[in-house]
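Inside the fold
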Amino acid sequence: MQILLVTDIGAEEHVYVGLFGFVHGSRGPLINEAAVEKVELLVQDAISQGAKVVVGGKRHNLGLTFYEPTIISDVKNEVLIARREIFGLVTPVIPFKKEEEAIQIANDTDSGLAAYLFTNNIQRLWRVSEALEYGLVGVKNHVSFSQVAPFGGVKQSGLGREGSKYGLDEYLEIKCICMGNMGGYGSPLIVEIIGVSFLFCFPICE
């Protein structure tokens, strides 16, 4: 299946659905039947509350666990699809008027793995990126992580990070040793990280 997406600036993108490694396969199936049923539930819930299907909106004719790439408009922020992680080829479109409103809508969820921002305004880029409550923010880029960048979310999207030097924190054990009565010195602090000790001594001020 091929879907032609035409944006408001006239750009066109061809989206192909199929098995990866086969001809034109760039969007594959969902992981299992339960994942498809979840997407169907979220889409139908949005439609029942006034959302409109722009493209897609149903299982793909390839069968199995394929679902059509879907765009739904006029989505309310209170519906399930706006408040849960979808893990499917569905893009809900929620209208807003002001930047502050967009930030509030984006943050009004228990999840916080990745957010994506598209703007040519540098000031807005930094302002909105810092205000978004997400572990990853992609700016004019749908790929917001790599092996050298910290990967992880906030809120119900998890704790800790993978990748980068911060990903090593989960494998370290930190030991704190406090000693007193060291002959004229205050209590030194020894911090040991995987066998390497650092001694900090604080003299007593008389």
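It should be noted that the structure appears before, not after, this text.
What this report covers is the structure whose coordinates are included nearby. Note that this is a predicted model, so its numbers are computed, not measured. Numbering of residues starts from 1 in each chain and follows the order in which that chain's sequence is written. Only residues with pLDDT of at least 70 are given local features in this predicted model, and only at 80 or more are side-chain atom pairs given and counted; all residues enter the totals for whole chains, interfaces and linings. Neither water nor hydrogens contribute to the side-chain values; these are computed over all heavy atoms in the structure.

So, about the pattern of salt bridges. Just to be clear on terms, a salt bridge is a Lys or Arg side-chain nitrogen sitting within 4 Å of an Asp or Glu carboxyl oxygen. Applying the stated criterion to the full structure yields 8 salt bridges. The partner of Arg 59 in a salt bridge is Glu 40, with the nearest N and O atoms 2.8 Å apart. In this pair, Arg 59 sits in the loop between strand E3 (52–55) and strand E4 (70–73) while Glu 40 sits in helix H1 (residues 33–48), placing the two residues 19 residues apart along the sequence. With relative accessibility at 26%, the residue Glu 40 sits in the partly exposed group. Taken together, the shared-partner salt bridges connect Glu 33, Glu 40 and Arg 59 into one network. Only runs of H or I of at least four residues qualify as helices and only runs of E of at least two qualify as strands under DSSP, and these elements are numbered from the N terminus. Only protein chains enter the accessibility calculation, which uses a 1.4 Å probe; a residue whose area is less than 20% of its type maximum is buried, one above 50% is exposed, and one in between is partly exposed.

Time to look at the sheet that holds E4. Here we have 3 strands laid out as an open sheet, ordered E3-E4-E5, and mixed in their pairing. A strand with exactly one partner marks an edge of an open sheet, and here the two such strands are E3 and strand E5 (90–92). Taking each pair of neighbouring strands and ignoring which way they run, the sheet shows an average axis angle of 25 degrees. Strand pairing follows a simple DSSP-based rule, namely that at least 2 bridges must link the two strands. Pairing of E3 with E4 involves 3 bridges; the strand directions are antiparallel. Directly across from Val 53, in E4, lies its bridge partner Ile 72. Here, axes are lines fitted to C-alpha atoms. For helices the fit covers the stretch in contact, and angles between N-to-C directions go from 0 to 180 degrees.

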